[in-house]
Amino acid sequence: MSRPIIAAAVVEARRTDRIAISTPGDFRLGTVRTAKAMPDDGLLPYCIDFLRRRALYVGGVDLREAQAAPFYYLHLRRTARSVVSIPWERGALHREGAAAPIFLFSPGRCGSTLLSRVLFAGGIANVSEPDFYTQATTAVAVSPFNPWRGRIAFVAANMGRDLAHALSAAPVVKLRAESCRAPERLVDPRERRTLFMTRGFEGWARSNVRAFGNDARKTVGKYMRALTCHAWLRANTDCHVVHYEDLSADTAASLGSLGRFLEHEISGEAVNSIMGADSQAGTPVAQGRDRPGWERRFDETMALWKSDKVRRTRDRLGADALRID
């Protein structure tokens, strides 16, 4: 017998000023009710409940505002009015007709949030950082020793299908940098196109260590994971690379190339107001919040990046083609 669908109103939202990965504990809920049939339209996928083997959706969220938000997960956390919990065995809300998303991978801190907002302004359906994909690519979720690994990937794909249905289009989905760990667990064989956004290492590292408290090893490791992701995308998908420096220096040419790849013209007038602004304004990672001691960590990071061991790995991954030095 199939387990019931359960739903409840949101009484209180938690962690609304944190960039922590979404969990079922983000909401304090009211009285729970059950339902036998799949719910109607109007729900957006929020996160995976691993413990109870359920997929969580939220209601009461404005769809356009969710697309325009710097972070989809944070906007849903702040504005959701109800939560619906669906057992994994029920599958997707909408099983037919939904297009596969086009994933935007990056190491983070390279303008990918800005690009996501530019795409929305240009009329392309997209969302920035839906966390059910982040959850599906955690080290535990993708471990070959995890007996639920295949099911987790299937659940994330179902939630992505429902997201595409809600948007009535194949959306561009900008992912958190953590999802570079396992692109093979996300890319849908129905859609061979992928996007990868990058930035020269020195500028990226400076931005990263100013915003976060990571040491040199973790910082370089994060970028190397993204390079490994790009190598997989290059070998297994039709991957279009967007360079932060190109987008900044010649916006029209960069967006023109991207628009041709996506088969959708991106209007220059629509994006002028977006370029130059802090794309993460109103979030916990907005500009102007440098971490103490970032200069020392930056120097250590650059020294490790230039080490022989790291350089050999970069060469093996074909990093030269990305113009990152």
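Quick look at the structure, then. This is a predicted model, so every value here is computed, not measured.

Rules behind the numbers
Residues numbered from 1 in each chain as written. Predicted model: local features only at pLDDT ≥ 70, side-chain atom pairs only at ≥ 80, totals over all residues. Heavy atoms only, no water. Helix = DSSP H or I, 4+ residues; strand = E, 2+ residues; numbered from the N terminus. Rg over C-alpha atoms; globule rule 2.2 N^0.38 Å. Buried < 20%, exposed > 50% of the residue type's maximum accessible area, 1.4 Å probe, protein only. Contact = heavy atoms within 4.5 Å. Salt bridge = Lys/Arg side-chain N within 4 Å of Asp/Glu carboxyl O. Core = buried A, V, L, I, M, F, W, Y, C linked by side-chain atoms within 4.5 Å. Disulfide = S-S within 2.5 Å. Axes fitted to C-alpha atoms, helices over the stretch in contact; angles between N-to-C directions. Parallel < 35°, antiparallel > 145°, perpendicular 65-115°, else oblique. Left-handed = near helix turned anticlockwise from the far one by under 90°. Nonpolar A, V, L, I, M, F, W, Y, C, P; charged D, E, K, R; others polar. Pairing = 2+ DSSP bridges.

**Some remarks on the overall build of the chain**
Working step 1: Scanning the chain from N- to C-terminus turns up 13 helices and 11 strands.
Working step 2: Taken over the C-alpha trace, the chain has a radius of gyration of 20 Å; the compact-globule value for 325 residues is 20 Å, and the two agree within 12%.
Working step 3: Projected onto its principal axes, the C-alpha positions of the chain cover 60 × 45 × 40 Å.
Working step 4: For the chain, with 325 residues in total, the buried portion stands at 53%.

**A look at the side chain of Asn146**
Working step 1: Its location among the elements puts Asn146 in the loop between helix 5 (139-142) and helix 6 (149-167).
Working step 2: Every residue in contact with Asn146, bar those within four places of it in the chain, is listed here: Val140, Ala141 and Ile152.

**A few points about the pattern of salt bridges**
Working step 1: Under the definition given, this model contains 15 salt bridges.
Working step 2: A salt bridge links Lys174 to Glu129; the nearest nitrogen and oxygen atoms lie 2.4 Å apart. Of this pair, Lys174 sits in strand 9 (residues 172-174) while Glu129 sits in the loop between strand 8 (126-128) and helix 4 (131-136), and the two are 45 residues apart along the sequence.
Working step 3: Given a relative accessible area of 2%, Lys174 falls into the buried group.
Working step 4: Residue Glu129 is classed as buried on the basis of its relative accessible area of 8%.
Working step 5: A salt bridge links Arg314 to Asp325; the shortest N-O distance between them is 2.5 Å. In this pair, Arg314 is assigned in helix 13 (residues 308-316) and Asp325 in the segment after helix 13, connecting sequence segments 11 residues apart.
Working step 6: Each of the salt bridges in this network shares a partner with another, and the network as a whole consists of Glu129, Asp131, Lys174 and Arg176.

**Points about the nonpolar core**
Working step 1: Formed by 83 residues in total, the largest nonpolar core has its most connected members in Phe105, Leu227, Leu258, Leu262 and Trp305.
Working step 2: In terms of residues, this core owes the most to one element, helix 8 (residues 216-236), which gives eight residues.
Working step 3: Setting aside its immediate chain neighbours within four residues, Phe105 contacts Leu175, Ser179, Cys180, Pro183, Leu186, Val187, Leu195, Phe196, Met197, Cys229 and Leu233.

**A few points about the state of the cysteines**
Working step 1: Inspection of the entire model under this criterion finds zero disulfides.
Working step 2: With no disulfide partner, Cys229 has as its closest neighbouring cysteine sulfur the one in Cys180, 4.0 Å distant.
Working step 3: Among the residues examined, Cys229 registers a relative accessible area of 1% and is labelled buried.

**Comments concerning unusual backbone geometry**
Negative phi values dominate among residues other than glycine, just as trans dominates among peptide bonds.
Working step 1: The phi torsion at Ser168 lies on the positive side, around 55°, for a residue other than glycine.
Working step 2: Here Ser168 lies in the loop between helix 6 and strand 9.
Working step 3: Assessed through its relative accessible area of 67%, Ser168 is described here as exposed.
Working step 4: Positive phi, close to 55°, is recorded for Arg323, a residue that is not glycine.
Working step 5: With respect to the helices and strands, the residue Arg323 is situated in the segment after helix 13.
Working step 6: Given a relative accessible area of 48%, Arg323 falls into the partly exposed group.

**Observations regarding the packing of helix 3 (residues 112-121) against helix 10 (residues 251-262)**
Working step 1: Two elements in contact, helix 3 and helix 10, have axes separated by 13 Å at closest approach and are oriented at 65°. Viewed along their axes, helix 3 and helix 10 adopt a mutual orientation that is roughly perpendicular. Along this stretch, helix 3 crosses helix 10, giving a crossing that reads as right-handed. On helix 10, the residues touching Leu115, Val118 and Leu119 of helix 3 are Leu255, Leu258 and Leu262.
Working step 2: Here the residues of the contact of helix 3 with helix 10 sort into six nonpolar, no polar and no charged.

**Some thoughts on the sheet that holds strand 11 (residues 238-243)**
Working step 1: Read across the open sheet, the five strands follow the order 8-9-7-10-11; overall the sheet is parallel. Every interior strand has two partners, whereas the edge strands, strand 8 and strand 11, have only one. Across the sheet, the mean angle from the axis of one strand to that of its neighbour is 20°, orientation sign disregarded.
Working step 2: Two strands pair when backbone bridges link them, and strand 10 (residues 193-198) and strand 11 are joined in this way by six bridges, in the parallel orientation. By the bridge assignment, Arg193 is partnered in strand 11 with Asp238.
Working step 3: Against the sheet, helix 8 makes contact with strand 7 (102-105), strand 10 and strand 11, and its axis sits at roughly 150° relative to strand 10, the strand it touches most.

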